Amino acid sequence: MDVLRIRGGKKLNGTVQVSGAKNACLPILAATLLTDEPCIVRNVPLLSDSTAMRKILEHQGAVVEDLGGNAWKICAKNIIPATPYELVRKMRASICVMGALTGRLKTAEIPYPGGCVIGQRPIDLHIKGLKKLGCEITQDAGVIRIDGSAMRGAYIFLGGRNGSTVTGTSNILMAAVLTPGTTQIDCAACEPEIQDLCEMLIKMGAKIKGVGSPKLTVTGVKKLHGCEHSVIPDRIEAGTFLLCGAITGGDITVHGAVREHLGAFLDKLNEAKVPFEVIDETSIRVRGDLMKTFVPVDIVTFPHPGFPTDLQAQFSALMAITPGISLITERIYPNRFMHVPELGRMGASISIEGATAIVKGGTKLSGAPVMASDLRASAALVLAGLVADGETWVQRVYHLDRGYEGFEKKLARLGADIVRLDDSQMPRYDD
Ligand code: EPU
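All values derive from a computational prediction rather than experimental measurement. In every chain, residue numbers begin from 1 and rise along the written sequence. Per-residue local features of the predicted model are confined to residues with pLDDT of at least 70, and side-chain atom pairs are confined, for both listing and counting, to 80 or more; whole-chain, interface and lining totals are unaffected and use all residues. With hydrogens and water excluded, all non-hydrogen atoms of the structure serve as input to the side-chain values.

Let us now look at the overall build of the chain. A run of H or I in DSSP counts as a helix once it spans at least four residues, and a run of E counts as a strand once it spans at least two, with each numbered from the N terminus. The helix and strand inventory of the chain stands at 14 helices and 23 strands. In terms of overall size, the chain behaves like a compact globule, its C-alpha atoms giving a radius of gyration of 22 Å where 431 residues would be expected to give roughly 22 Å. With respect to the three principal axes, the spread of C-alpha positions in the chain is 60 × 40 × 40 Å. Every one of the 431 residues in the chain was classed for burial, and the buried ones make up 57%. Per-residue and other accessible areas follow the Shrake-Rupley method at a 1.4 Å probe size, with only the shown protein chains counted as cover for residues. For the chain, the computed accessible surface area is about 16800 Å², with 51% contributed by carbon and sulfur atoms. Charge counting follows a simple rule: Lys and Arg are positive, Asp and Glu are negative, and His as well as the terminal groups are ignored. By convention, charge coordinates are those of NZ in Lys, CZ in Arg, CG in Asp, or CD in Glu. Of the charged side chains in the chain, 48 are positive and 45 negative, and the gap between their average positions amounts to 3 Å. A radius of gyration in this sense is built from C-alpha atoms; the matching globule rule multiplies 2.2 Å by the number of residues raised to 0.38. For every residue, the accessible area obtained with a 1.4 Å probe (protein chains only) is divided by the maximum for its type, and the residue is called buried under 20%, exposed over 50%, and partly exposed between those limits.

Here it is as structure tokens:
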């Protein structure tokens, strides 16, 4: 298994290009199942999650051709409704084929995706939405079976205990675009990734009003056609690189950092007195080198346009070295603090009270062997490793490969001392 060895203390400088957004790309790839005509998806991030989605599309009967340069041509001429457990279990986001299969075929069979290390991840809202659209849904032997033969447009309130649902909104949108009548989705997710999916669906001939707002109105059409679409840049990757510049006291220009997508995050960077400059609509330069002192800030994660849960762990790494106390509260996944004990191994002082991490910042971090538990926790450990004294060994980097394209290569180009090695090359630690 691969590990990352990081020798901390280097200031990162230079420019970096952010890849396509994983969480936009996955539903967009699923949306290609809605038409029997070819679609070309550009700016596909080369991630293990993209490969997993490709395998699912191919299983459903789509032909996927890699055109090079991160572009895929997908033709889903004849497709089947059943998705196997073996493929779904590898990636929770595979649930987003449920809406596309139901929309196109009016029938689908998809294994229940199950839990995940960041906490409970129910799909009750997806099911509720499909039922409102007239689907008959049964669950048997862990498989959800959907009969959509009587589907028609409906009013659907999609809010849950923790706000709107991102993949739930994608699923209902994809089911509704080919459903007769008008569907109104209230409390829809407003994430930029949902907006990107809507743009793609509109290019395919879907009729969607209210894009970017929590009220989406879909007028069903009989057929969708092929299109070309380029996936938006990954705002979470962009935020992570901005934090790399801040934490190492470096000077990094991040291309593919869209200010409009990063509002709440940039506001917190500003409050933390991290100097940055918005160069243009898609580029931001962070000047960690000009930073005199870090200031602790409190964070509460919320659905977009609030502070994204997917940047919470990484921001915690910055707060861990910032003198003073910061409170980091999770409102999306109340247990998403798997990075905390591992940062503790590196010397960070963080305790958890309910859904809040209390960070007593300002300690000097020291390198240690640490275990990645999920994608964003892994990124937080890399950030900590970049600024820690000595060597940090991040294990289970396959989590990072799910969501950051060529992460260590991009970091190395910015001057980080980071290499991917086989875990047999790790020193033996007596724990
Ligand atoms: N929820 C329900 N019922 C549902 C669906 C969700 O109660 O039927 C709750 C969840 O438990 C959570 C909240 O609603 O508390 C929001 O969950 P959501 O459905 O929005 O999450 P998701 O669609 O499963 C996507 C991203 C996650 C990201 C969240 C929140 C994809 C593929 N995944 O997940 O990304 O954290 O939205 O923004 O888009 C990541 O990239 O690391 C990642 C985990």
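Still more to cover.
This next bit is on the environment of Gly362. The residue Gly362 is located in the loop between strand E20 (356–361) and strand E21 (369–371) in this model. By relative accessible area, which is 39% here, Gly362 ends up partly exposed. Residues Gly362 and Thr322, 40 residues apart in the sequence, show an inter-C-alpha distance of 4.6 Å. The contact criterion used is simple: two residues touch if any of their non-hydrogen atoms lie within 4.5 Å. Those residues within four positions of Gly362 in sequence are excluded, and the remaining contacts are Ala320, Ile321, Thr322 and Pro323.

What follows is about helix H8 (residues 235–248). Take the number of residues in a helix, subtract one, and multiply by 1.5 Å to get its expected span. Compared with the 20 Å implied by 1.5 Å per residue over 14 residues, the 20 Å span of H8 between its first and last C-alpha is a close match. Along H8, 14 of the 14 residues are buried, which leaves the element largely enclosed by surrounding structure. We define a polar contact as two N or O atoms separated by no more than 3.5 Å, with the added condition that, inside protein, one atom must be a possible hydrogen donor and the other a possible acceptor, whereas residues neighbouring each other in sequence contribute only through side-chain atom pairs. By the N-cap criterion, in which a side-chain oxygen at the helix start approaches the backbone nitrogen of a residue two or three places on, H8 is capped by Asp234, the distance to Ile236 being 2.9 Å. Just past H8, the residue Gly249 takes up positive phi, approximately 70 degrees.

This next bit is on the pattern of salt bridges. Note on definitions: salt bridges are taken to be side-chain nitrogens of Lys or Arg within 4 Å of carboxyl oxygens of Asp or Glu. This structure, assessed with the given rule, holds 22 salt bridges. Here the residues in one salt-bridge network are Asp2, Asp401, Glu408 and Arg420, joined through shared partners.

What follows concerns the pairing of strand E15 (residues 276–280). Across four bridges, E15 lies against strand E16 (residues 283–287) in antiparallel orientation. Bridge pairing in E16 places Val278 opposite Ile284. One bridge is not enough; two strands pair if DSSP finds at least two bridges between them. Following E15, the chain reverses through two residues before pairing antiparallel with E16.

With that settled, the discussion passes to the domain arrangement of the chain. With domains assigned, the chain is organised as domain 1 (2–17 + 233–425) and domain 2 (81–225). What marks off one domain from the next here is an automatic or database domain assignment. If you average the C-alpha positions of domain 1 and of domain 2, the two centres end up 32 Å apart. Contacts between the two partners involve 12 residues from domain 1, matched on the other side by 11 residues from domain 2. When domain 1 packs against domain 2, the two sides together hide about 1100 Å² of surface, and 57% of this comes from carbon and sulfur. By buried area we mean the combined loss of accessible area, with a 1.4 Å probe, across both parts when two parts are placed together. Three residues, Arg235, His304 and Tyr333, lead the burial of domain 1 against domain 2; their summed loss comes to 43% of the area buried on that side. For the pair domain 1 and domain 2, the interface holds one salt bridge. As a salt-bridge pair, Arg235 and Glu193 come within 2.8 Å of each other at their nearest N and O atoms. Joining domain 1 to domain 2, the criterion identifies three residue pairs in polar contact (both at pLDDT 80 or more). Each residue is assigned to one of three groups, with Ala, Val, Leu, Ile, Met, Phe, Trp, Tyr, Cys and Pro labelled nonpolar, Asp, Glu, Lys and Arg labelled charged, and all others, Gly among them, labelled polar. Grouping the amino acids of the side of domain 1 that touches domain 2 by side-chain chemistry returns four nonpolar, four polar and four charged.

With that settled, the discussion passes to the pairing of E20. Sheet analysis places strand E18 (residues 324–329) next to E20, joined by six bridges and oriented antiparallel. Note on E20: the bridge partner recorded for Thr329 is Thr356. Linkage of strand E19 (residues 349–353) to E20, two consecutive antiparallel strands, is achieved through a turn of two residues, within which Gly354 is found at a positive phi near 60 degrees.

The subject of this paragraph is the sheet that holds strand E12 (residues 215–219). The four strands are arranged E9-E10-E12-E11 in an open sheet whose pairing can be described as mixed. Each of the sheet's edge strands pairs with one partner strand only, and the pair in question is strand E9 (155–157) and strand E11 (207–209). Sheet twist, expressed as the mean angle between neighbouring strand axes with direction ignored, is 15 degrees. As paired elements, strand E10 (residues 182–186) and E12 share five bridges and run antiparallel to each other. Opposite Gln184, over in E12, you have Thr217 as the bridge partner. Comment: axis = line fitted to C-alpha atoms, over the contacting stretch for helices; angle = value between 0 and 180 degrees taken between N-to-C directions.

Let's shift gears to helix H1 (residues 22–31). With respect to burial, H1 is a largely interior element, nine of its 10 residues being buried. The complete set of buried residues in H1 reads Lys22, Ala24, Cys25, Leu26, Pro27, Ile28, Leu29, Ala30 and Ala31.

Turning next to the site of the ligand. Taken together, 24 residues form the shell around the ligand, and within it Asn162, Thr165, Thr167, Asp310 and Ile332 come nearest. Note that a nitrogen atom of the ligand is positioned 2.7 Å from one of the side-chain N or O atoms of Asp124. Within the side chain of Thr167, one N or O atom sits 2.7 Å away from an oxygen atom of the ligand. Against a free-state accessible area of 820 Å², the protein chains account for coverage of 91% of the ligand. Each residue is tested against the molecule or strand, and it is near if at least one of its non-hydrogen atoms lies within 4 Å.

Where H1 contacts helix H7 (residues 192–203), the axes come no closer than 8 Å and their chain directions differ by 30 degrees. The orientation of H1 relative to H7 falls into the category roughly parallel. Taken as a pair, H1 and H7 cross one another with a handedness that is right-handed. Where H1 approaches H7, its residues Asn23, Ala24, Pro27, Ile28 and Ala31 are matched on the opposing element by Glu193, Asp196, Leu197, Met200 and Leu201. Reported orientations rely on four angle classes, namely roughly parallel under 35 degrees, roughly antiparallel over 145, roughly perpendicular from 65 to 115, and oblique for the rest. The hand of a helix crossing depends on one turn: near helix anticlockwise from the far one by less than a right angle means left-handed, and clockwise means right-handed.

Looking now at the packing of H1 against helix H2 (residues 48–60). Pairs of packed helices are described in terms of their axes, by the angle between the two and the distance that separates them. With their axes 10 Å apart at the nearest point, H1 and H2 run at an angle of 10 degrees to one another. With respect to H2, the element H1 is oriented roughly parallel. Contact residues: H1 offers Lys22, Leu26, Leu29 and Ala30, while H2 offers Asp49, Ser50, Met53 and Leu57. Of the residues assigned to the contact of H1 with H2, the class counts are five nonpolar, one polar and two charged.

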